[in-house]
Amino acid sequence: MTDFQEVIEKIARSLDSVEDRGTVASYIPELAQVDKNKFGIYVTDAANHGYGVGDADQGFSIQSISKALSVAQAFAILGDKLWQRVDVEPSGDPFNHLSLLEQENGIPRNPFINAGAIVVADVLFSHLDNPKKDFLSYVRNIANDESIDYDEKVAISEVKTGFKNIAAANLIKSFGNIENDVDDVLDFYFHQCSLKMSCRQLTHAFYFFMNGGKCQQGRKYLTSSQAKRINAIMLTCGFYDEAGEFAFEVGLPGKSGVGGGIVALLPNKFCAATWSPGLNAKGNSKLGMKALEQLTTLTGLSIF
Ligand code: GLU
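Notes on the structure in this doc start here. Computed from a predicted model, the values in this text were never measured in an experiment. In this numbering scheme, every chain counts its residues from 1 along its sequence in written order. Under the rules for a predicted model, residues below a pLDDT of 70 receive no local features and side-chain atom pairs below 80 are neither given nor counted, while totals for whole chains, interfaces and linings still include all residues. Neither water nor hydrogens contribute to the side-chain values; these are computed over all heavy atoms in the structure.

A look at the packing of aromatic side chains
- Working definition: rings of Phe, Tyr and Trp (its six-membered ring) pair if their centres are within 6.5 Å, and the pair is stacked with planes under 30 degrees apart, edge-to-face with planes over 60 apart, and tilted otherwise. Enumeration over the complete set of coordinates arrives at twelve aromatic pairs.
- Consider the rings of Phe60 and Trp275, whose centres lie 4.8 Å apart with planes at 5 degrees: the pair is stacked. Here the residue Phe60 occupies a position in strand E4 (residues 60–61), and Trp275 occupies one in strand E9 (residues 270–275), the gap between them amounting to 215 residues.
- Between the aromatic rings of Phe75 and Trp83, the centroid separation amounts to 5.0 Å while the plane-to-plane angle is 70 degrees, which identifies the pairing as edge-to-face.
- An aromatic cluster of three or more residues is present, and its members are Tyr138, Phe206, Phe208, Phe209 and Tyr221.
- Whether a charge lies above a ring is judged from NZ of Lys or CZ of Arg, which has to be within 6 Å of the ring centre and within 35 degrees of the ring normal. The ring of Tyr240 has Lys255 lying over it, and the distance from NZ or CZ to the ring centre is 4.7 Å. Helix numbering and strand numbering both begin at the N terminus, where a helix is a DSSP run of H or I of at least 4 residues and a strand a DSSP run of E of at least 2.

So, in structure tokens, the structure goes:
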């Protein structure tokens, strides 16, 4: 039996003295306010036991981590037809890149670059009665936690400054791959990204990816084949243009966000979330990547 508590405490101690913690994202002004010294890790294992250290219970802006949840909801609704709207190939480009979109006729490379997540938001917008409310209920249900909510301040901050996302959405719309009003879809997308959750809550929400599509309470949200597919996209595309490096260093499917969070999982074994707001040059949490590298090295648990 792996003693996750002992392992994560060891990791936290080893990273405590690291001085270069990267840079907090500032292109969304509200995120620039966050204290760079925050650090938390939480692990939930397949038997539903939880292990935490540091700021594991403090809520933060999950940003792109939400893209794994929105694509799961869209996949459950639309099935394989979803992949006609968005591809599943790594882009090798930064998360907010536009040039490939133009070359590839408005079909984004994958659901985890911003353009892809905006198309997924459009799919959900077409199928949900009340998109913001229904997506929030979906996340609360899979995590079994009614306290999860959007952070309006962060959402508004991004509505005001999300110029590249506005450009991407309009470009996609010009190719006919957005059905709804661009402003409505973006408002929904920015709210998804503004979800405020802690490391503990993130491991609860991502449990179903680790558990063949079933949440901790045993409710089924995806078939095991669908969960496998989303995990494959997390492995190949979950870390912007650093997905190869994450697979190389950590060896787990996962998803990061510019709020400094990372969630990673080993199917049927555990789900781990880290939070350290300082990012590296590729937009991934600097200490979070180091912590997860240590977690899989010290425990010997990875998909490889
Ligand atoms: N809401 C952010 C954006 O669209 C998400 C970025 C991220 O976490 O990668 O720019």
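Overview of the sheet that holds strand E6 (residues 195–197)
- Strand order in the open sheet made by the three strands is E4-E6-E5, with antiparallel pairing throughout. At either end of the open sheet lies a strand with only one pairing partner, and these are E4 and strand E5 (149–150).
- Any two strands with at least two DSSP-identified bridges between them are counted as paired. Direction of pairing for E4 relative to E6: antiparallel, over a ladder of two bridges. Pairing of Ser61 across the sheet is with Lys196, part of E6.
- A contact between two residues is defined here by any heavy atoms of the two lying within 4.5 Å. For every element, the axis is a line fit to its C-alpha atoms; helices are fit only across the contacting stretch, and the angle between N-to-C directions ranges from 0 to 180 degrees. Where helix H8 (residues 182–193) meets the sheet, it contacts E4, E5 and E6, and its direction lies at approximately 10 degrees from that of E6.

Brief notes about the site of the ligand
- Only a single heavy atom is needed: when it lies within 4 Å of a molecule or strand, its residue is near that molecule or strand. Near the ligand, the surroundings consist of twelve residues, among which Tyr27, Gln63, Ser64, Tyr189 and Tyr240 are the closest.
- Any pair of nitrogen or oxygen atoms within 3.5 Å is treated as a polar contact; in protein, a donor-acceptor pairing is required on top of that, and neighbouring residues in sequence qualify only through side-chain atoms on both sides. Here Asn114 contributes a side-chain N or O atom positioned 3.1 Å from an oxygen atom of the ligand.
- Contact distances for the ligand include 2.6 Å between an oxygen atom and a side-chain N or O atom of Tyr189.
- All accessibility values rest on the Shrake-Rupley procedure with a 1.4 Å probe; residue burial counts only the protein chains present in the view. Bound to the protein, the ligand loses 99% of the 300 Å² it would expose on its own.

Comments concerning the environment of Met210
- Along the chain, the position of Met210 falls in helix H9 (residues 199–210).
- On the basis of relative accessible area, Met210 is assigned to the buried category, the value being 1%.
- Taking the C-alpha atoms as reference, Met210 lies 32 Å from Ala32; in sequence the two are 178 residues apart.
- Dropping the residues within four chain positions of it, Met210 is found in contact with Thr44, Asp45, Ala46, Leu265, Leu266, Pro267, Asn268, Lys269, Phe270 and Cys271. Think of it in three bands: residues with accessible area under 20% of the maximum for their type are buried, residues over 50% are exposed, and the middle band is partly exposed, with areas taken using a 1.4 Å probe on protein chains only.

Brief notes about H8
- To estimate how far a helix should extend, the number of its residues minus one is multiplied by 1.5 Å. The terminal C-alpha atoms of H8 lie 16 Å apart, and with twelve residues this matches the ideal 16 Å at 1.5 Å per residue to within 8%.
- Of all twelve residues in H8, nine are buried, a share of seventy percent or more.
- Turning to H8, its buried residues are Val182, Val185, Leu186, Phe188, Tyr189, Phe190, His191, Gln192 and Cys193.
- The N-cap residue of H8 is Asp181: its side-chain oxygen and the backbone nitrogen of Asp183 are 3.1 Å apart.

Digging into unusual backbone geometry
- Backbone geometry places Asn48, a non-glycine residue, at a positive phi of 75 degrees.
- Judged by relative accessible area, which is 35%, Asn48 ranks as partly exposed.
- Within the chain, Tyr240 stands out as a residue other than glycine whose phi angle is a positive 55 degrees.
- Structurally, Tyr240 is set in the loop between helix H10 (224–237) and helix H11 (243–249).

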